[in-house]
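Next come the chains, spelled out residue by residue.
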Amino acid sequence: MQIEYAAQIDPGRVRQNNEDAVGVEPTHSFAVLADGMGGYNAGEVASAMAVACVREGLAKWCASSSGAQAPAPRLAQAMAVCAQQANTDILRAASANPQYANMGTTLVVMGFRQDRVVLAHVGDSRAYRLRAHTLSQLTKDHSLLQEQVDAGLLTREQAAVAPGKNLLTRALGVEEGVQVDLTELPAQPGDLYLLCSDGLTDMLSDDQIAQVLSTPMPLARMAQTLIDQANALGGRDNIAVVLAGLVPPNAGSNWISKWMGLGR
Ligand code: CA
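This write-up is about the structure you can find in this document. Values in this document were obtained by computation on a predicted structure and should not be read as measured data. (Residues numbered from 1 in each chain as written. Predicted model: local features only at pLDDT ≥ 70, side-chain atom pairs only at ≥ 80, totals over all residues. Heavy atoms only, no water.)

1. Comments concerning the overall build of the protein chain
What counts, and what does not: Comment: elements are numbered from the N terminus, with helices defined as DSSP H or I runs of at least four residues and strands as E runs of at least two. When we talk radius of gyration, it's over C-alpha atoms, and the globule rule is simply 2.2 Å times the number of residues to the 0.38. Only protein chains enter the accessibility calculation, which uses a 1.4 Å probe. A residue is then buried if its area is under 20% of the maximum for its type, exposed if over 50%, and partly exposed in between. The contact rule is simple, with two residues in contact once any of their heavy atoms fall within 4.5 Å. Accessible surface area values rest on a Shrake-Rupley calculation with a 1.4 Å probe, where residue burial reflects the displayed protein chains alone.
On a plain count of helices and strands, the protein chain comes out with nine helices and 11 strands. Taking 2.2 N^0.38 as the reference for a compact globule, 264 residues should give roughly 18 Å; the C-alpha atoms of the protein chain span a radius of gyration of 18 Å, in line with that estimate. A principal-axis box enclosing the C-alpha atoms of the protein chain has dimensions of 55 × 45 × 35 Å. By the burial criterion, 52% of the 264 residues in the protein chain qualify as buried. Within the protein chain, contacts between residues separated by at least 24 positions form 72% of all contacts whose residues are at least 6 apart in sequence. When the accessible surface of the protein chain is totalled, it reaches about 11,700 Å², and 50% of it is carbon and sulfur.

2. Considering the packing of aromatic side chains
Let me state the cut-off plainly: Only rings of Phe, Tyr and Trp enter the pairing, Trp through its six-membered ring, and a pair is recorded when the two centres are within 6.5 Å. The plane angle decides the type: under 30 degrees is stacked, over 60 is edge-to-face, the rest tilted.
Under the defined criterion, the tally for this structure stands at one aromatic pair. Each ring, one from phenylalanine 112 and one from tyrosine 193, has its centre 5.4 Å from the other, and the planes form 65°; the classification is edge-to-face. Here tyrosine 193 lies in strand 10 (residues 192-196) and phenylalanine 112 lies in strand 5 (residues 107-113), a separation of 81 residues in the sequence. By relative accessible area, which is 6% here, phenylalanine 112 ends up buried.

3. A few points about the coordination of the calcium ion
What counts here: Coordinating N, O and S atoms are those within 2.8 Å of the metal (3.2 Å for Na, K and Ca), and as water is not part of the atoms, a site may appear to have fewer donors than expected.
Every protein donor of the calcium ion is listed here as Asp35 (OD), Asp35 (OD), Asp198 (OD) and Asp237 (OD), and their distances to the metal cover 2.3 to 3.0 Å. Here the donor residues of the calcium ion share one chain and are spaced in sequence as D-x162-D-x38-D. Of this pair, aspartate 35 sits in strand 3 (residues 30-37) while aspartate 198 sits in helix 6 (residues 198-201), placing them 163 residues apart in sequence. Residue aspartate 35 shares its accessibility class with aspartate 198, and that shared class is buried.

4. Looking at the nonpolar core
This is how the line gets drawn: We define the nonpolar core as a collection of buried residues of types Ala, Val, Leu, Ile, Met, Phe, Trp, Tyr and Cys that are connected through side-chain atoms lying within 4.5 Å of one another.
One finds Leu58, Met103, Leu107, Val109 and Leu172 to be the most contacted residues of the largest nonpolar core, which totals 37 residues. If you list the elements that add at least two residues to this core, you get strand 3, helix 1 (42-63), helix 3 (72-96), strand 5 and strand 6 (116-122). Leaving out residues up to four positions away in the same chain, leucine 58 has contacts with Phe30, Leu75, Ala78, Met79, Cys82 and Val109. With 24 residues, the next largest nonpolar core counts Ala6, Leu194, Leu200 and Ile209 among its residues.

5. Quick word on the sheet that holds strand 7 (residues 126-131)
Put simply, the test is: Any two strands are treated as partners once DSSP identifies two or more bridges connecting them. Axis lines are fitted to C-alpha atoms, over the contacting stretch for helices. Their N-to-C directions set the angle, which ranges from 0 to 180 degrees.
With antiparallel pairing, the five strands of this open sheet are ordered in space as 1-11-10-7-8. In the strand order of this sheet, the two ends are held by strand 1 (2-10) and strand 8 (134-137), each with one partner. Taken over all neighbouring pairs, the strand axes of this sheet differ in orientation by 20° on average, direction set aside. Packing against the sheet, helix 8 (residues 219-232) makes contact with strand 1, strand 10 and strand 11 (239-247), and its axis sits at approximately 30° to strand 1.

6. Examining helix 7 (residues 206-213)
Using the following cut-off: Note: the arc covers the axis-to-C-beta directions of the helix.
Among the residues of helix 7, Ile209, Ala210, Val212 and Leu213 are the ones counted as buried. All buried residues of helix 7 lie within an arc of 160° about the axis, which places them on one face of the element. Set apart from the buried face of helix 7 by more than 90 degrees, the exposed residues are Asp207 and Gln211.

7. Some words on the pattern of salt bridges
What counts is decided by this rule: For this analysis, a salt bridge means a side-chain nitrogen from Lys or Arg found within 4 Å of a carboxyl oxygen belonging to Asp or Glu.
This structure, assessed with the given rule, holds nine salt bridges. Each member of the salt-bridge network shares a partner with another, and the members are Arg15, Glu19 and Asp237.

8. Here's the deal with the environment of methionine 79
Position of methionine 79 relative to the elements: it lies in helix 3. Classification of methionine 79 as buried rests on a relative accessible area of 0%. For the pair methionine 79 and histidine 121, spaced 42 residues apart in sequence, the C-alpha separation works out to 9.2 Å. The residues touching methionine 79, leaving out its near neighbours within four places in the chain, are Leu58, Val109, Met110, Gly111, Val118, Leu119 and Ala120.

No statement about biological role is implied by the geometric values presented.
The structure is reproduced here in structure tokens:
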């Protein structure tokens, strides 16, 4: 499966610092995104540690004899192990350095194996898929707001404009042992996947995201367009996006326009 990637981070229009981090490993067909929180620069430290730890650990596993040929469920397990390791690293750094006390981060990992996409996530950073003009959210936020939606106390529409939407019910760096959600789905040529921080989804509705993802353009420009639109609508937080497009076989050099024409 040929996969095309683009990744972009922007501080937004309000914040001075950048607490989002991304990593892409095309060789091993996976990408990582994290959105940190904490005082001073602790949020940056937590998200950078999470991305570095998962990136290194998962790349090592993918390159190993047991990881190289392993099927998708084992990739999911490896992601969970790496997320636990990142959680431990962050907790350890926080207890050793008073200025890092209470730092934490979200994490979303996306990997491709055979014809499957595997996702691991903690927190409110999201994964989406655009297929046949339809945008689907593939992860469910670990947030107080999502719990209220699940309990029927709020509709999704009310939740999108509710205050306090950034209160997480799960994050890395909070306690020993973190519960990681693992998802495995069939992937097919023409699919377009998006990982993003809440700096994007707090500014853009799903319809606005779908509109950008449905417009034929190179993926690097698409990532920049998402960021530009989030900034145009206020850019209240850091914005991180990773795009992964599954290129159809024999697409040729003009693949992007053909790909976009595949009923997308
Ligand atoms: Ca954020």
